[in-house]
Amino acid sequence: MVGDPIVEVTGLRKRFGDVEAVRGIDFRVEVGETYGLLGPNGAGKTTTISIVAGLLRRDAGEVKVAGMPMDIDTAAPRALIGLVPQELAVYPDLTGRENLRFFGKLYGLSGAPLRRRVEEVLEVIGLRDRADDRVDEYSGGMKRRLNIGIGLLHEPKLLILDEPTVGVDPQSRNAILESVEALSASGRGVLYTTHYMEEAERLCDRVGIIDEGRLVAEGTRRELIRLVGERDRVRLQGSGNLSGAADALGRLDGVGDVVAADRSLEVVTVDAARLLPELLAVATEAGMAVTQVEISQPDLESVFLHLTGKALRD
Amino acid sequence: MRFILTIAGKDLRLRVRDRSVFVLGLLAPFLLAVIFDLVLGAPSEATFQPRFAVADLDTGPVGDGLVGVLRSLAEGDVIDLDEVGSVDEVEAAVEAGDLDAAFVIPAGFSQAVTSGAPATLRIVGNVDAPISVAIAEAVARGYAAEVEAVQLSVAVALQAMPSPTVSDVATLAAEAATMPPPIELVDVTAANRVLDTSTFFVAGMAVFFLFFTVSFGVVGLLEERQAGTLARLAAAPIPRYAVVAAKMVVSYLVGVVAMAVLVVASTLILDARWGDPVGVAVLVAAAVASAVGVVAVVAGFARTAEQASTLQAIIAVSLGMIGGVFFPTNLGGGFLAKLALASPHRWFMNGLADLAGGGGLGVVWPSVAGLLAFAVVTTVPALYRLRTMEPR
């Protein structure tokens, strides 16, 4: 993931009348990386990616796509971007295939290459059987998939997805997330905005937490959790020598507090998944018969709460 | 250019599929023109024919002259004429409503005229037919003026003769009566430059609805912004002006096709007479350009498609009324006639009226220039606004 960034944003600012929607945002997305902008509605996510995609004029700052300056009038970097807007940006009176062909032509595709890409994308988004039906006859999930498919047509180096699962049923949502995971695996950069913590945790290599137009923190999930001092907790239930087990566990590297309760021990650690086998071995050796294990890890929701003092879906 | 055609092709496909362009662009103006023509046009043109009678009790040359004038009007189907033998018969027919007016030429009328004595021509009018009576009076006055001109000519000629005889007087009178008038007025600016009823209403409705028809293209820009597809178009690697240009191309094409179909259909079905085809084509091309400009400037300053449609409707109706597409406002002259020139509709109708006068391409240039001025004044600011429109 180390190399030239596909997107580099520095000092970005944008004002709408009296409202400063973006207040000096900096971030970069590496080639092959999935970068998430996580924040509540109205945080400035859509404004930020609209500027990155060249749709809105910025008031200050700089945006580079693959090293090329991006502005409202520049055409070249746009060819590298596939945009999936939050709204269903498709024509309901055209068929799925007609929609794909139209947008493909705008990206310079024609003839056999256009036909080939349309068929490939229809296959990827699972609409081959309904390709010649009008879009207004599609279900909501099918329209969402077509919306994403249009962004993939020209095989962009960077895919920008603006809250692609808003208003989608759970089944379609899962299908969309799987598609994004597959796209990430294919090596292209993905810039993904969401206010769903689970999506950011599942999809993103790095997350930028955005609130009131500012990027308040940035990093991998673990980096963010560490940043705010949150730890994993492992609850061991069982019987036997609980106090001896507590002493032994407390002496291990990477273990913070160990709190004994009635029939359980709660171990605070920096990385529960890595230490779990060792915790079990040490507790058993100290004479505790472990019957049940529970791991609770802090999530981005708690990070967001810690950083901003409010919940993601306030 | 390739991208403009691609976007325009997509828009045209959408417009054909939703069918509204056919309803608003073709069906509505044609049906309204037919209705207007049926309600206002046909009856007044087909049935108004004054019913006159003449009772010639004189049988002299001057009385015969008037009867001859009336006969020629009857032969031209301008009036319906009965010739009767008595005053009582005339008065009874007028009283019964069988006649609108009657001319009574009293006995001795010719003798009185040629001898310079007072002569009276009597008109019996039906009080329920004031227009026909007014026409009868106008005919009588016209004939009296002609007789007076002959009397004057004879008097002038006799003064130049040292000792004229009765025979000289008769000869001079006969020559003066057959002389052509020294000044003949030929109206080429009014009567000949008025469109017939069918053409007036078809043309009026066509240009009125044109300002709605062309909105399909340009206002589509606002619809795309609301739907989110404008963001996708703006994100594509195409020149920023291509989207706006495509919308204007669609507006223009739809407008031209709608007008062309209406011109042909109304000519074949309603017997409308549009005039020289080349002149009409140039006039239509300029009218569509002005309509696209007006719609574009509305779209440029509106926030939503709904707001644009409402504004567009208000402006189209106002310009239509000022421009006289429902009734000819310029015939009254004065302020209304001047105000009408602030409407592209008026320039279009003026151009058609010029063509109806028998002119070709040469007579429509002033109207074409007026329409193109509207197009330029509206399109330039519209292009600036639309080009800088943010897609979300």
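Residues numbered from 1 in each chain as written. Chains lettered and ligands numbered in written order. Predicted model: local features only at pLDDT ≥ 70, side-chain atom pairs only at ≥ 80, totals over all residues. Heavy atoms only, no water.

A. Region of the structure containing the overall build of chain B. Across its full length, chain B holds 16 helices and 4 strands. Put simply, chain B has 392 residues, and 45% of those count as buried. Sequence separation of at least 24 residues holds for 76% of the intrachain contacts in chain B that already meet a minimum separation of 6. (Helix = DSSP H or I, 4+ residues; strand = E, 2+ residues; numbered from the N terminus. Buried < 20%, exposed > 50% of the residue type's maximum accessible area, 1.4 Å probe, protein only. Contact = heavy atoms within 4.5 Å.)

B. Region of interest: the overall build of chain A. Per the secondary structure count, chain A includes 10 helices and 14 strands. When each of the 314 residues of chain A is scored for burial, the buried share is 49%. Of the contacts made within chain A by residues no fewer than 6 positions apart, 67% connect residues no fewer than 24 positions apart. Put simply, chain A shows about 13500 Å² of open surface, and 47% of that area lies on carbon and sulfur atoms. (Areas by Shrake-Rupley, 256 points an atom, 1.4 Å probe, with all protein chains shown as cover.)

C. Structural view of helix α2 (residues 96-106) of chain A. Residue and element names in this part refer to chain A. Across the 11 residues of α2, 8 count as buried, placing the element largely inside the fold. Taken residue by residue, α2 has Gly 96, Glu 98, Asn 99, Leu 100, Phe 102, Phe 103, Gly 104 and Leu 106 as its buried positions. Gly 108, located one to two residues past α2, shows a positive phi value of around 85 degrees.

D. Main features of the interface of chain B and chain A. Between chain B and chain A, the residue contacts involve 26 residues of the former and 36 residues of the latter. Across the chain B/chain A interface, buried area totals approximately 2600 Å², and carbon plus sulfur atoms make up 60% of it. Across the chain B-chain A interface, the total number found is 2 salt bridges. With its nearest N and O atoms 3.1 Å apart, the salt bridge here joins B:Arg13 to A:Glu98. (Buried area = accessible area lost by both parts, 1.4 Å probe. Salt bridge = Lys/Arg side-chain N within 4 Å of Asp/Glu carboxyl O.)

E. Expanded view of a negative patch on the surface. All names here are of chain B. On the surface, Asp 80, Asp 82, Asp 88 and Glu 89 cluster together into a patch of negative charge. Among the elements of the structure, β2 (80-84) and α4 (87-95) are those that each provide at least two residues to the negative patch. Relative accessible area serves as the criterion here: at 38%, Asp 80 is assigned to the partly exposed category. (Patch = residues over 30% accessible without salt bridge, like charges linked within 9 Å, V, L, I, M, F, W, Y side chains within 5 Å. Lys, Arg positive; Asp, Glu negative; His and termini not counted. Charge placed at Lys NZ, Arg CZ, Asp CG, Glu CD.)

F. A look at unusual backbone geometry. Residues and elements named next belong to chain A. Phi is positive for Ala 66, which is not a glycine, with a value near 50 degrees. Structurally, Ala 66 can be placed in the loop between β4 (60-65) and β5 (68-69). The class for Ala 66 is partly exposed, based on a relative accessible area of 38%. At Glu 163, a position not held by glycine, the phi torsion is positive, near 45 degrees. Considering the arrangement of structural elements, one finds Glu 163 in the loop between β7 (158-162) and α5 (170-185). Using a relative accessible area of 4% as the deciding quantity, one classes Glu 163 as buried.

G. Molecular detail of the sheet that holds β4(A). All names here are of chain A. Taken together, 4 strands build an open sheet; the order of strands is β2-β1-β4-β5 and the sheet is antiparallel. Strands with a single pairing partner mark the edges of an open sheet, and in this sheet they are β2 (19-30) and β5. Alignment of strand β1 (residues 5-16) against β4, held across 5 bridges, turns out to be antiparallel. Within β4, the position partnered with Thr 10 by the bridge is Glu 62. Packed on one face of the sheet, helix α1 (residues 45-52) meets β1, β2 and β4 and runs near 120 degrees to β1. (Pairing = 2+ DSSP bridges. Axes fitted to C-alpha atoms, helices over the stretch in contact; angles between N-to-C directions.)

H. Looking closely at the pairing of strand β3 (residues 101-105) of chain B. The buried fraction of β3(B) is high, at 5 of 5 residues. The two faces of β3(B) match: B:Ala101, B:Phe103 and B:Ile105 on one face and B:Ala102 and B:Val104 on the other face are all buried.

I. Fine view of the sheet that holds strand β14 (residues 288-296) of chain A. Residue and element names in this part refer to chain A. The sheet built from 4 strands is open, its strands ordered β12-β13-β11-β14 with antiparallel pairing. The strands lining the two open edges of the sheet, one partner per strand, are β12 (255-260) and β14. Between one strand and the next, the sheet's axes are offset by a mean angle of 20 degrees, whatever the strand orientation. Against the sheet, helix α9 (residues 272-285) contacts β11 (232-240), β12, β13 (264-269) and β14, and its axis sits at roughly 165 degrees relative to β14.

J. Molecular detail of the side chain of B:Arg240. The residue B:Arg240 is located in helix α11 (residues 240-269) in this model. One buried charged side chain, B:Arg240, makes no salt bridge at all; its nearest oppositely charged neighbour is A:Asp73, positioned 4.5 Å away.

K. Layout of the pairing of strand β10 (residues 214-219) of chain A. Residue and element names in this part refer to chain A. Here 5 bridges tie strand β9 (residues 206-211) to β10, and the two strands are oriented antiparallel to one another. Across the sheet, the residue bridging to Gly 208 is Glu 218, located in β10. Hairpin remark: β9 followed by β10, antiparallel, with 2 residues in the connecting loop; positive phi at Glu 212, about 50 degrees.

L. Representation of the nonpolar core within the structure. Counting 124 residues, the largest nonpolar core has A:Phe27, A:Leu106, A:Leu191 and B:Phe348 as the members making the most contacts within it. Sort the elements by how many residues they give to this core and helix α12 (residues 277-301) of chain B lands first, with 13 residues. When residues no more than four places from it in sequence are discounted, the contact partners of A:Leu106 are B:Phe3, B:Thr6, B:Ile7, B:Leu233, B:Ala236, B:Pro237 and B:Ile238. (Core = buried A, V, L, I, M, F, W, Y, C linked by side-chain atoms within 4.5 Å.)

M. View of the packing of α12(B) against helix α15 (residues 344-356) of chain B. All names here are of chain B. Running from N to C, α12 and α15 point in directions that differ by 180 degrees, and their axes come no closer than 10 Å. The orientation of α12 with respect to α15, classified from their angle, is roughly antiparallel. On the side of α12, the interface is formed by Gly 279, Val 280, Leu 283, Val 284, Ala 287 and Ser 290, while α15 contributes Pro 344, Phe 348, Gly 351, Leu 352 and Leu 355. Residues belonging to the contact of α12 with α15 are distributed by class as follows: 8 nonpolar, 3 polar and no charged. (Parallel < 35°, antiparallel > 145°, perpendicular 65-115°, else oblique. Nonpolar A, V, L, I, M, F, W, Y, C, P; charged D, E, K, R; others polar.)

N. Quick look at the side chain of B:Thr229. On the secondary structure map, B:Thr229 appears in helix α10 (residues 229-235). Given a relative accessible area of 1%, B:Thr229 falls into the buried group. A polar contact of 2.7 Å, which involves the side chain of B:Thr229, links it to the side chain of B:Glu224. Look past the residues within four positions of B:Thr229 in its chain and what remains in contact with it is A:Ala89, A:Val90, A:Tyr91 and B:Glu224. (Polar contact = N/O pair within 3.5 Å; in protein donor to acceptor, adjacent residues only side chain to side chain.)

O. Representation of the confidence of the model for chain B within the structure. Residues and elements named next belong to chain B. Per-residue pLDDT for chain B averages 80, and the proportion of residues at 70 or more is 87%. A low-confidence stretch, residues 182-192 stays under pLDDT 50, and its non-local contacts, those more than four residues away or across chains, total 5 contacts. Prediction confidence for the complex, expressed as pTM and ipTM, is 0.68 and 0.77 respectively. (pLDDT = per-residue confidence, 0-100.)

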